[in-house]
Amino acid sequence: GNSVTQMEGPVTLSEEAFLTINCTYTATGYPSLFWYVQYPGEGLQLLLKATKADDKGSNKGFEATYRKETTSFHLEKGSVQVSDSAVYFCALISVRLTGTASKLTFGTGTRLQVTL
Amino acid sequence: DTGVSQNPRHKITKRGQNVTFRCDPISEHNRLYWYRQTLGQGPEFLTYFQNEAQLEKSRLLSDRFSAERPKGSFSTLEIQRTEQGDSAMYLCASSPPGLAVGETQYFGPGTRLLVL
C-alpha cells in the first residue's frame, strides 16, 4: 500500500533560518506529491505540488522537488518567518492507470515553530 | 468561491448516541472526500464520492459509519452508537471534474467530535 514518512517534530528555528522537512514515500502506480499546511485554528491548505519525477513545486518561498530515484519530496525554504509557524503534511495521490481519482495518503505532520 | 463548509464545527456527545455531520463542497466540484484526523496524526481516508456515487470506502469505515451524497451536492456522515474511539476531527474535501492526476483537494475546516 501507499505510505508517507516525514520527519518528526517539532522543529524550532529562528527567523531567517533555513528550513528542511524530510519526506519519503512508498507508492504504487504514478503518484503525485503534495505539501499541505495547517496554520493554527485553520483548515488544511495546499502549499505546493508536483505531478511527475523531477518536477519542482514552489509557493510562498517554499520549494520541493519530486525525486523518484530516492522516493523523496523534501520541503525547503531559504529564510523562514514567524508567520510560517504551522503543521506541514506531506501527502501523495496514486492515480490509477485509468486516470480515476484516488485518496490522499498523508504523513503524520511536522510542527514548525519559528521564533524571533 | 465560498470554500468547503462543514457543520457543526464542534460536537460533544455521549457514548452510544448517533451523530451526523454535513459537508457542503465548492460548487461544481463533483468529487467529495471524507477523512478523519486524530491528535498528532495526519488525516486518514474514510470514503469518496464522485457525484452521488460512493466509489471507495476505507476499512476504517465500520458498519456504524455511513455516508451519503444524495443529489451529488452536499454530503452527510453519520456515526451510530458512538464510541470514545470515534473522537477525532472529521474533514471533508472536494475537487473539481477533470483529470485526477495532480488534482488539488480543497479542505473544509472540519468537525471536531468529542465522545464522552
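You'll find the structure just up there.
Now for a look at the structure at hand. In every chain, residue numbers begin from 1 and rise along the written sequence. Written order determines the labels here, with chains lettered from A and ligands numbered from 1. The predicted nature of this model means local features are confined to residues of pLDDT at least 70 and side-chain atom pairs, given and counted, to a pLDDT of 80 or more, with totals for whole chains, interfaces and linings taken over all residues. Side-chain figures throughout are based on the complete set of non-hydrogen atoms in the structure, without hydrogens or water.

1. Some remarks on the overall build of chain A
Secondary structure follows DSSP: runs of H or I at least 4 residues long count as helices, runs of E at least 2 residues long count as strands, and numbering of each begins at the N terminus. Broken down by element type, chain A carries zero helices and twelve strands. Listed N to C, the secondary structure of chain A is β-β-β-β-β-β-β-β-β-β-β-β in terms of helices and strands. Note on method: radius of gyration uses C-alpha positions; expected globular size equals 2.2 Å times residues raised to 0.38. Over its C-alpha trace chain A gives a radius of gyration of 14 Å, about what one expects of a compact globule, namely 13 Å for 116 residues. A burial count over chain A gives 47% of its 116 residues as buried. All accessible areas in this document rest on Shrake-Rupley with a 1.4 Å probe, and a residue is counted as covered only by the protein chains that are shown. Only carbon and sulfur atoms are counted for the fraction: they give 49% of the accessible area of chain A, which is about 5500 Å². Side chains of chain A give 10 positive and 10 negative charges; the mean places of these two sets differ by 10 Å. Any residue under 20% of the maximum accessible area for its type is buried, any over 50% is exposed, and the rest in between are partly exposed; the area is computed with a 1.4 Å probe on protein chains only. Counting rule applied: Lys, Arg positive; Asp, Glu negative; His and chain ends not counted. The atoms used to mark charge sites are NZ of Lys, CZ of Arg, CG of Asp and CD of Glu.

2. Digging into the pattern of salt bridges
Should the charged atoms of two oppositely charged side chains come close, the side chains can pair. The working definition used for a salt bridge is a side-chain nitrogen of Lys or Arg within 4 Å of a carboxyl oxygen of Asp or Glu. Taken as a whole and assessed by the stated rule, the structure comprises eight salt bridges over all chains. Salt-bridge contacts for Lys103(A) lead to Glu56(B); the nearest nitrogen and oxygen are separated by 3.1 Å. Placement of the pair is Lys103(A) in the loop between strand E10 (86-95) and strand E11 (104-106) and Glu56(B) in strand E6 (residues 53-57), with the two residues belonging to separate chains. For Lys103(A), a relative accessible area of 27% corresponds to the partly exposed category. Note on Glu56(B): relative accessible area 16%, which makes it buried.

3. Details of the pairing of strand E12 (residues 110-115) of chain A
Residue and element names in this part refer to chain A. The alternating pattern of E12 places Thr110, Leu112 and Val114 on a buried face, while none of Arg111, Gln113 and Thr115, on the opposite face, is buried. One bridge is not enough; two strands pair if DSSP finds at least two bridges between them. With four bridges joining them, strand E2 (residues 11-14) and E12 adopt parallel strand pairing. Paired with serine 14 across the bridge in E12 is threonine 115.

4. Quick look at the sheet that holds strand E8 (residues 75-79) of chain B
Residues and elements named next belong to chain B. Taken together, the four strands give an open sheet; going across it, the order is E1-E3-E8-E7, and neighbouring strands pair in antiparallel fashion. For this open sheet the edge positions go to strand E1 (5-7) and strand E7 (65-68), each flanked by a neighbour on one side alone. Put simply, the sheet's adjacent strands are angled 15° from each other on average, direction ignored. Pairing geometry for E7 and E8, over four bridges, is antiparallel. In the sheet register, alanine 67 faces E8, and the bridge partner there is leucine 77. For every element, the axis is a line fit to its C-alpha atoms; helices are fit only across the contacting stretch, and the angle between N-to-C directions ranges from 0 to 180 degrees.

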